[in-house]
Amino acid sequence: MGRALPMRFKSSIDKSEPWINFLPASPFPDHHELTVATNLSYDPAALSSAATDFGHMLSNPPAAVLFPSSINDIVCLIKLANSIPVPFNIAAKGCGHSVRGQAMAGNGVVVEMTSMNNNNNNNNNNNHTRIAISGNPSTGYFADVGGEQLWIDVLNATLEHGLAPVSWTDYLYLTIGGTLSNAGISGQTFRYGPQICNVSELDIITGKGDFVNCSPQKNCELFHSVLGGLGQFGIIVRARISLFPARKRVKWVRILYSNFSEFAKDQERLISINGREQEGALDYLEGVLLMHDGPQNSWRSSFFPTSHHSKIVSLINQHSIIYCLEIAKYYDHPSLDAIDKELDDLFDGLNFLPGYKFEKDVSFIDFLNRVRNGELSLRSQGLWDVPHPWLNLFVPKSGIAEFDSGVFKDIILKRKVTTGPILIYPMNRSKWDDKMSAVIPDEDVFYVVSFLYSSGFDDWESMDEQNKETLRFCNSVDMKIKQYLPHYKTQEDWANHYGSKWKRIQEKKNEFDPKMILSPGQNIFNP
């Protein structure tokens with residue numbers, strides 16, 4: 001980092017872009033512009049880092065990277081972009097966990113949001129971590145959290161008070177602003193809703209550079225637009241997240257099926273018990289495919305005891321695909337017997353394979369942070385920072401059987417491209433707020449299907465082609481799927497994705513980011 005004059009900057013980028021002449025050079029008489037000039041970096045390492053993401057499938061370098069020391073740095077940068085004849089694009093980047101360049105800003109400015117966590121001067125907030133717990137038993141508890149904070153840090157901070165959010169992603173080393181800009185889903189969503197439905201207030205910097213406090217009652221149009229809005233309307237710099245009493249332990253169970261119909265039927269039955277205070281309701285439910293061409297001892301299947309591995313492998317080889325249902329129930333120490341009885345009652349009505357039920361009893365934090373061990377293992381093998389041609393879909397309940405036969409049992413088994421987990425689990429539409437920008441199928445129950453592939457740097461295209469074939473199949477039978485973490489190349493495709501919401505998306509973009517500055521990597525308004 002450090003100060004840099006525009007002439008030095010221009011020598012290393014596309015000279016055809018006139019906006020570069022307006023980037024800050026020091027000294028500036030205005031304090032905030034001076035800070036922006038100081039915190040703008042043209043360092044090749046910073047540019048290279050901002051030019052890639054978790055997907056490792058494309059690269060799109062920015063012209064500069066902002067390492068903000070305060071919210072005002074971001075405000076100043078956006079206002080600067082709006083003030084010049086040819087605005088430059090700006091992308092807020094959290095942990096860079098996008099897979100197709102969504103957090104990139106080619107020849108624009110990437111804002112490294114996690115830099116905010118390294119400074120104390122955060123909008124007159126002296127809390128270094130920008131995580132503040134408030135509330136009382138009568139009105140409820142909440143956490144005011146900086147958009148740059150990681151969910152794992154929110155979990156650790158709230159647990160100190162015996163509290164925790166109720167809705168999570170499977171992987172916790174993501175920023176609050178990042179997941180709220182998409183939806184934030186996992187096995188808790190069927191009961192507690194996505195993360196965007198567990199937020200009561202936001203501080204936003206709009207695409208015009210306005211700092212706006214919003215909620216369902218105040219500036220509600222911005223509030224609803226930003227949640228699930230893919231970064232198009234504003235940058236989330238604070239979120240108020242609802243908290244509930246945290247449990248101490250988790251009963252964690254996996255059961256196996258060879259019949260997809262029974263697997264889906266049981267999942268749908270279990271998520272029908274979904275009231276937040278409803279007795280007997282599970283806290284988490286996900287499904288995963290175990291396939292004969294897939295890695296048997298991956299971090300996803302390491303749950304099973306070693307003594308049963310050969311038996312499970314034999315079962316998978318016999319059927320080609322085994323469907324694993326993973327469920328969890330939270331509890332405190334005195335309630336273990338009651339939890340065991342609740343689960344036994346549930347299991348009595350399920351049609352899984354006899355003898356293929358496996359249980360663990362773990363701490364609450366170990367369960368929520370369960371993917372971390374897999375990450376560390378993959379990092380140690382050099383298998384984390386590799387291409388990830390992921391595809392995440394929402395499939396209506398009415399099409400899930402056809403998806404199983406046409407995709408799982410046809411495309412996937414024929415191509416034998418199965419390096420990475422394939423998840424499948426249902427959700428309840430009633431737990432989502434349709435006023436928000438996130439898009440889901442119209443049916444009351446729909447499934448998440450996630451192809452979380454990892455590859456070598458020279459063979460990810462075959463996985464990507466398999467994803468395209470999957471999409472072609474779904475379109476050919478008019479399955480009415482929706483992409484989660486969507487990726488489209490044309491505005492027509494985006495219009496089809498948003499459907500009835502498209503007009504509103506356009507109107508709110510024109511209202512909150514009229515010069516189309518924010519999040520160009522989504523390719524919605526910057527194709």
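Residues numbered from 1 in each chain as written. Predicted model: local features only at pLDDT ≥ 70, side-chain atom pairs only at ≥ 80, totals over all residues. Heavy atoms only, no water.

Going by what an unreviewed UniProt entry lists, the protein is known as cytokinin dehydrogenase and is assigned to Cucurbita moschata. According to the UniProt record, the Sequence similarities (unreviewed entry) comment for the protein is "Belongs to the oxygen-dependent FAD-linked oxidoreductase family." (UniProt positions renumbered as here; feature names shortened; annotations may be inferred.)

1. Quick word on helix α15 (residues 460–476)
Helix length check: α15 (17 residues) gives 24 Å between terminal C-alpha atoms against 24 Å at 1.5 Å per residue, within 8%. All of the buried residues in α15 are Trp-460, Met-463, Asp-464, Gln-466, Asn-467, Thr-470, Leu-471, Phe-473 and Cys-474. Close packing links the buried residues of α15 with β15 (391–396), α14 (400–415), β17 (445–451) and β18 (482–484). A positive backbone phi angle near 55 degrees is found at Asp-478, which sits one or two residues after α15. (Helix = DSSP H or I, 4+ residues; strand = E, 2+ residues; numbered from the N terminus. Expected span 1.5 Å × (residues − 1). Buried < 20%, exposed > 50% of the residue type's maximum accessible area, 1.4 Å probe, protein only. Contact = heavy atoms within 4.5 Å.)

2. A closer look at helix α13 (residues 371–380)
Within the sequence span of α13, burial applies to Val-371, Gly-374, Glu-375 and Leu-378. Along α13, the residues classed as buried sweep out an arc of 100 degrees about the axis, all on the same side. Facing away from the buried side of α13 by over 90 degrees, the exposed positions are Asn-373 and Ser-380. Gly-382 occupies a position one or two residues after α13 and carries a positive phi of about 70 degrees. (Arc of directions from axis to C-beta.)

3. Structural notes on the sheet that holds strand β3 (residues 90–93)
Here 4 strands make up an open sheet; going across it, the order is β1-β2-β4-β3 and the pairing mixed. One side of each edge strand has no neighbouring strand; the edge strands of this open sheet are β1 (40–41) and β3. Two elements, strand β2 (residues 64–66) and strand β4 (residues 109–112), share 3 bridges in a ladder whose sense is parallel. Considered in β4, the bridge of Ala-64 is made with Val-109. (Pairing = 2+ DSSP bridges.)

4. Examining the nonpolar core
Judged by nonpolar contacts, the single largest core of 136 residues is most densely connected at Leu-202, Leu-256, Phe-403, Phe-408, Trp-432 and Phe-451. Looking at this core, the element that brings in the most residues is strand β13 (residues 321–331), giving 9 residues. Apart from the residues lying within four places of it in its own chain, the contact partners of Leu-202 are Leu-180, Val-212, Asn-213, Cys-214, Phe-223, Val-226, Leu-227, Ile-236, Arg-238 and Ala-239. Counting 25 residues, the second-largest nonpolar core is a separate cluster that includes Leu-40, Val-75, Cys-76 and Ile-84. (Core = buried A, V, L, I, M, F, W, Y, C linked by side-chain atoms within 4.5 Å.)

5. Section: unusual backbone geometry
In most cases, non-glycine residues show a negative phi, while peptide bonds are predominantly trans. Its identity as a non-glycine residue notwithstanding, Leu-230 has a phi of 55 degrees, on the positive side. Mapping Leu-230 onto the fold places it in the loop between α8 (220–226) and β10 (234–245). The residue Asn-523 is not glycine, and still its phi comes out positive at about 60 degrees. Positionally, Asn-523 belongs in the segment after α17 (502–512). Here Asn-523 falls in the partly exposed class, since its relative accessible area comes to 23%.

6. Remarks on the packing of aromatic side chains
Scanning the entire structure with this criterion turns up 30 aromatic pairs. Aromatic pair Tyr-171 and Trp-384: ring centres 5.8 Å apart, planes at 50 degrees, arrangement tilted. Residue Tyr-171 is located in the loop between β7 (163–164) and α6 (176–180), and its partner Trp-384 is located in the loop between α13 and β15; the two are separated by 213 residues in the primary sequence. Both residues of the pair, Tyr-171 and Trp-384, belong to the buried class. Considering the side-chain rings of Trp-252 and Phe-367, the 5.2 Å spacing of their centres and the 85 degrees angle between planes classify their relative orientation as edge-to-face. Residue Trp-252 is located in strand β11 (residues 249–257), and its partner Phe-367 is located in helix α12 (residues 364–368); the two are separated by 115 residues in the primary sequence. Of the two residues, Trp-252 and Phe-367, neither departs from the other in class, the shared state being buried. One aromatic cluster is present, formed by Trp-252, Tyr-284, Phe-303, Phe-304, Tyr-330, Phe-358, Phe-364 and Phe-367 through successive ring pairs. A cation over an aromatic ring shows up here: Arg-370 above the ring of Phe-367, its NZ or CZ 4.5 Å from the ring centre. (Phe/Tyr/Trp six-rings, centres within 6.5 Å; stacked < 30°, edge-to-face > 60°. Lys NZ or Arg CZ within 6 Å of the ring centre and 35° of its normal.)

7. Brief notes about the pattern of salt bridges
By the definition in use, this model includes 34 salt bridges. The residue Lys-508 makes a salt bridge to Glu-221 at a minimum N-O spacing of 3.3 Å. Here Glu-221 lies in helix α8 and Lys-508 lies in helix α17, a separation of 287 residues in the sequence. Among the residues examined, Glu-221 registers a relative accessible area of 40% and is labelled partly exposed. Salt-bridge contacts for Arg-247 lead to Asp-332; the nearest nitrogen and oxygen are separated by 3.9 Å. (Salt bridge = Lys/Arg side-chain N within 4 Å of Asp/Glu carboxyl O.)

8. Some thoughts on the pairing of strand β5 (residues 131–136)
In terms of strand pairing, β5 meets strand β6 (residues 140–146) through 6 bridges, oriented antiparallel. If you follow Ser-134 over to β6, its bridge partner there is Phe-142. Here β5 hands over to β6 after 3 residues, the two strands then running antiparallel side by side.

9. Considering the packing of α14 against α15
With their axes 11 Å apart at the nearest point, α14 and α15 run at an angle of 155 degrees to one another. Here α15 runs roughly antiparallel to α14, going by the angle between their axes. Here the hand of the crossing between α14 and α15 comes out right-handed. Contacts between α14 and α15 involve Glu-402, Phe-403, Gly-406, Val-407, Ile-411, Ile-412 and Arg-415 from the first element and Ser-462, Glu-465, Gln-466, Glu-469, Thr-470, Phe-473 and Cys-474 from the second. Residues that form the contact of α14 with α15 fall into these classes: 6 nonpolar, 4 polar and 4 charged. (Axes fitted to C-alpha atoms, helices over the stretch in contact; angles between N-to-C directions. Parallel < 35°, antiparallel > 145°, perpendicular 65-115°, else oblique. Left-handed = near helix turned anticlockwise from the far one by under 90°. Nonpolar A, V, L, I, M, F, W, Y, C, P; charged D, E, K, R; others polar.)

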